[in-house]
Each structure stands twice: as structure tokens, then as C-alpha cells.
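# Residue-level structural notes
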Amino acid sequence: YNMRKFFFASDQIHIAESMVDIIRARSGQPERALAIYRNAMLVYKEYLSDDHVLIGRLLVFEGDSHAEDHEFSTAIDRYEEAKGVFSKAFGGECAVDFALVAVNIGKVLLRKCDYDSAKASFTSALDIYQQILPEGHPKIRSALNHLDRVEQEEALCV
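Report follows, based on the coordinates. (Residues numbered from 1 in each chain as written. Predicted model: local features only at pLDDT ≥ 70, side-chain atom pairs only at ≥ 80, totals over all residues. Heavy atoms only, no water.)

This part is about a nonpolar patch on the surface. Taken together, Ile15, Met19 and Ile22 make up a surface patch of nonpolar side chains, about 260 Å² in accessible area. By the element assignment, Met19 lies in helix H1 (residues 2-24). (Patch = residues over 30% accessible without salt bridge, like charges linked within 9 Å, V, L, I, M, F, W, Y side chains within 5 Å. Areas by Shrake-Rupley, 256 points an atom, 1.4 Å probe, with all protein chains shown as cover. Salt bridge = Lys/Arg side-chain N within 4 Å of Asp/Glu carboxyl O. Helix = DSSP H or I, 4+ residues; strand = E, 2+ residues; numbered from the N terminus.)

It is worth spelling out the pattern of salt bridges at this point. Tallying each qualifying case throughout the model produces seven salt bridges. With a shortest N-O distance of 2.9 Å, Glu151 and Lys119 are connected by a salt bridge. Of this pair, Glu151 sits in helix H7 (residues 138-157) while Lys119 sits in helix H6 (residues 115-132), placing them 32 residues apart in sequence. For Lys119, a relative accessible area of 24% gives the class partly exposed. The salt bridge involving Arg149 is made with Glu153; its shortest N-O contact spans 3.0 Å. In this pair, Arg149 and Glu153 are both assigned in helix H7, four residues apart and thus about one turn of the helix distant. Looking at Arg149, the relative accessible area reads 37%, which means it is partly exposed. For Glu153, a relative accessible area of 24% translates into the label partly exposed. Each of Glu62, Arg78 and Glu81 takes part in one network of salt bridges that share partners. (Buried < 20%, exposed > 50% of the residue type's maximum accessible area, 1.4 Å probe, protein only.)

Take a look at the structure:
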């Protein structure tokens, strides 16, 4: 019985992951994505620990969909929840997933024209990337590009 239960749980998690991967490949459908993410979250919460990385990543995906739907406050809330999960999962803030959250928060803040906060968020991501990735890594260049974009957009508003 226990072996069957283990395989059932494993199957449920893999099915949920597959559904998430499929909807992420199809942009432009944030409402549909959120419905799938809610279902996947139910499965994850039933079978995984609260600090499992998959739960954190799913919260990031939810935040992305809310941002796409211009629900910026909800997007930031989901990203903050993901940061909490990643902090528990990785024992701190020095992980690629944590930097990704900082980048996504920065993008939302930039869309809200909150330039100082966006700059702080992108700088946080850059600091993490520089600690864990080799010099010249594409994620480091991307974070630098985001910081340049903040400067450019801020200059246009003055």
C-alpha cells in the first residue's frame, strides 16, 4: 500500500509539473495559467513540504501571470511569498531562484514607475548573480541591462 501511495503521489506531482510547463509555453493566457497554477498548488501542498522549491517557483509563475494581467500588487505579493519559500529552502538569499524573484519584482516596479525600488531590486539580483555565477554570465549582463533600462526610463520621465 505505501509503495502504491508513493507512486501515486509522484505521478500527481509530475502531472502538475507537466501542466505548468505546458501553460508556461503559451504566453498571453494569464487567467488560464492562474487556474492551472491553482490546481498545481493544491497538488504540491498536499504532497510536498511548504518550503519545497517547486512551490516557490509556482509562486513566481503566479506572480508573472498577475503582472501580465496588470495586477501589480498581487504579483509582488506572490514574489514575496516565493522569496520566503526560497529563503527556507536554500537557507538564505544567495540562490539563482532568489535573484530571479528580485528581477521580476524589479520589472513590476519599473512598470509602476517606482524607479528607486526597481533599481534596488535589480541591484539585489545583480549582487546575487555576481556571487554565484562566473563573470560575464548572461544573467549578470541581463541584470546590468535592467539597471540601464531603469536609468533610461527615469531620464524620460524628468
